[in-house]
Amino acid sequence: AKARGGNRFELADPELDERAITRHGLTTALPAALERGEFFIEYQPLVHMGDGRVHGAEALVRWSHPQHGVLGPDQFIPLAEHTGLIVPLGRWVLQEAVRQACDWQQHRTESGPLRINVNLSPAQLQHPGLVKDTVAVLERAGLEPGALCLEVTESALIGADEGLLQPLRQLAALGVDIALDDFGTGYSNLANLRRLPVSVLKLDRSFTKGMQQAPVDPVDLKIVEGIVSLAHSLELAVTVEGVETGVQADRLRELGCDTAQGWYYARPGPPDQLHTLSLADAI
Ligand code: C2E
Ligand code: CA
Ligand code: CA
Ligand code: CA
């Protein structure tokens, strides 16, 4: 791993790695890597657009591979999905992120609890133990369910039947927030949003790319404005991903987006980055 700008890691170039590392090699190394503790989590702050306060963080898993350095999730999550290792790996991420969130809670009382967002893959969603495991993790750590947000991609829920939605409904009923991740990339039927047990839309980065520099494309603005107003009329909060510039942040705030995440605020980093930012409380 190359350390850069303080404590954070730079992920290896995915294209280079595709050539250098065989899928097979990585796939067979996954189970032992989990046992050996080669995975770690970086946390990226989520910021309230209204007042700039840190509201929580998203847990993003990395693999510190002994030969290949730090690998990003795009390089191994699909393999873990394919082999089923994503279930124990995802459980580890949840456990570790929830433990970390409890640690943060103890240092912050005055501005309300920090929330923790954890990604759920489709295979985890289909796993019968999801609700039981999640409840057990929360109880063991002593984190209130309302501090956890599980992120499920829009594409994982397209055409989902009631059987797939049931565990999410149960978790939502317990107070866990469900976010629809990468929203807008899946061509889902907007009317369908109403029957999903979600409380947050995470607007995909592709929608906000065109807003990085002024002048901002008026059509992009109209589209985001439309999505925000639809979301709010359904009582969903809107989080925007990939905010890289002040121009983007300003426009998205004006459009009524609730929370934001992106390099403009902070890159994913080690847990103490969040601790520092949240105690400083405005970035
Ligand atoms: P995602 O859930 O959409 O996560 C956001 C991705 O955007 C992260 O990439 C993050 O580092 C990156 N990002 C954040 N801010 C910016 C920005 O301002 N500009 C740009 N260009 N990118 C930004 P990362 O960490 O490589 O993760 C990629 C994907 O891997 C995630 O996309 C998520 O789908 C998946 N993933 C990560 N951790 C987990 C996990 O624990 N479990 C599962 N199932 N999937 C995970
Ligand atoms: Ca996510
Ligand atoms: Ca996303
Ligand atoms: Ca994404």
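How each quantity is defined
Residues numbered from 1 in each chain as written. Chains lettered and ligands numbered in written order. Predicted model: local features only at pLDDT ≥ 70, side-chain atom pairs only at ≥ 80, totals over all residues. Heavy atoms only, no water. Near = heavy atom within 4 Å. Polar contact = N/O pair within 3.5 Å; in protein donor to acceptor, adjacent residues only side chain to side chain. Areas by Shrake-Rupley, 256 points an atom, 1.4 Å probe, with all protein chains shown as cover. Helix = DSSP H or I, 4+ residues; strand = E, 2+ residues; numbered from the N terminus. Nonpolar A, V, L, I, M, F, W, Y, C, P; charged D, E, K, R; others polar. pLDDT = per-residue confidence, 0-100. Donors = N, O, S within 2.8 Å, 3.2 Å for Na, K, Ca; no water. Buried < 20%, exposed > 50% of the residue type's maximum accessible area, 1.4 Å probe, protein only. Core = buried A, V, L, I, M, F, W, Y, C linked by side-chain atoms within 4.5 Å. Contact = heavy atoms within 4.5 Å. Axes fitted to C-alpha atoms, helices over the stretch in contact; angles between N-to-C directions. Parallel < 35°, antiparallel > 145°, perpendicular 65-115°, else oblique. Left-handed = near helix turned anticlockwise from the far one by under 90°. Pairing = 2+ DSSP bridges. Salt bridge = Lys/Arg side-chain N within 4 Å of Asp/Glu carboxyl O.

> Which parts of the structure should I look at to understand the site of ligand 1?
What surrounds ligand 1 is a group of 21 residues, the closest being Q44, R62, D181, E244 and W263. Between ligand 1 and the protein, one listed contact pairs a nitrogen atom with a backbone N or O atom of V61 at 3.2 Å. Separating a nitrogen atom of ligand 1 from a side-chain N or O atom of E244 is a distance of 2.6 Å. Contact with the protein chains hides 85% of the accessible area of ligand 1, taken as 810 Å² for the molecule alone. Within the residue set of the shell around ligand 1, elements represented by two or more residues are β4 (54-65), α3 (73-83) and β8 (177-183). Top contributing element to the shell around ligand 1 by residue count: β4, with four residues. Here the residues of the shell around ligand 1 are counted per class, giving eight nonpolar, five polar and eight charged.

> Hey, could you run me through the confidence of the model for the chain in this one?
It should be kept in mind that the predicted coordinates are not to be read in detail where pLDDT is low. Residue-level pLDDT values for the chain average 89, and 88% of them are 70 or greater. Interface predicted TM-score (ipTM) for the complex: 0.97; the corresponding pTM is 0.91.

> What's the story with the coordination of the calcium ion (ligand 3) in this structure? I'm lost.
Angles between donor atoms at a metal ideally measure 109.5 degrees for a four-coordinate tetrahedral arrangement and either 90 or 180 degrees for a six-coordinate octahedral one. For the calcium ion (ligand 3), every protein donor is listed as D181 (OD), D182 (OD), E241 (OE) and E241 (OE), and the spread of their distances is 1.8 to 2.9 Å. Spacing between the donor residues of the calcium ion (ligand 3) along the chain follows D-D-x58-E. The metal-metal distance between the calcium ion (ligand 3) and the calcium ion (ligand 2) is 3.9 Å, with D181 coordinating both. The exposure class assigned to D182 is partly exposed, which follows from its relative accessible area of 25%.

> Explain the coordination of the calcium ion (ligand 2) here, please?
At the metal site, the calcium ion (ligand 2) is ligated by E58 (OE), N119 (OD1), E151 (OE) and D181 (OD), and these contacts range over 2.1 to 2.3 Å. Each donor residue of the calcium ion (ligand 2) lies on one chain, and together they are spaced E-x60-N-x31-E-x29-D.

> What am I meant to see in the nonpolar core here?
In globular proteins that are soluble, nonpolar side chains generally tend to be buried together. The biggest cluster of nonpolar side chains holds 78 residues, and the ones touching the most others in it are I116, V118, L148, L150, L157, V224 and L252. With 10 residues, helix α4 (residues 86-107) is the largest single contributor of residues to this core. In contact with L148, not counting residues within four places along its chain, are L94, V98, R115, I116, V118, T134, L138, V176 and D177.

> What exactly am I supposed to notice about the packing of α4 against helix α6 (residues 130-141) here?
Each packed pair of helices is defined by two parameters, the angle between the axes and the distance between the axes. Where α4 meets α6, the axes come as close as 10 Å, and the angle between the chain directions of the two elements is 30°. When the interaxial angle is binned, α4 and α6 end up roughly parallel. Where α4 crosses over α6, the two elements pack in a sense that is right-handed. Residues R91, L94, Q95, V98 and C102 of α4 lie in contact with α6, whose contacting residues are D133, T134, V137, L138, R140 and A141. Each residue belonging to the contact of α4 with α6 can be placed in one class, and the counts come to six nonpolar, two polar and three charged.

> Just checking my understanding: could you explain the pairing of β8 for this structure?
One face of the sheet, then the other: side chains in a regular strand alternate in exactly this way. Counting buried residues along β8, five of its seven residues qualify, which places the element largely inside the surrounding structure. Note: strand β7 (residues 148-153) against β8, five bridges, orientation parallel. Counted as the bridge partner of L150 is I178 from β8. Across three bridges, β8 lies against strand β9 (residues 200-203) in parallel orientation. Among the inter-strand pairings, F183 is bridged to a residue of β9, identified as L203.

> I'm lost on the pattern of salt bridges in this one. Help?
Here the idea is simple: oppositely charged side chains can pair when their charged atoms come close. What the rule picks out here adds up to 12 salt bridges. We note a salt bridge from E151 to K202, for which the minimum N-O separation is 2.7 Å. Of this pair, E151 sits in strand β7 while K202 sits in strand β9, placing them 51 residues apart in sequence. For the pair shown, E151 and K202 are each scored as buried. The partner of R169 in a salt bridge is E162, with the nearest N and O atoms 2.9 Å apart. Taken together, the shared-partner salt bridges in this structure form one network comprising E58, E151 and K202.

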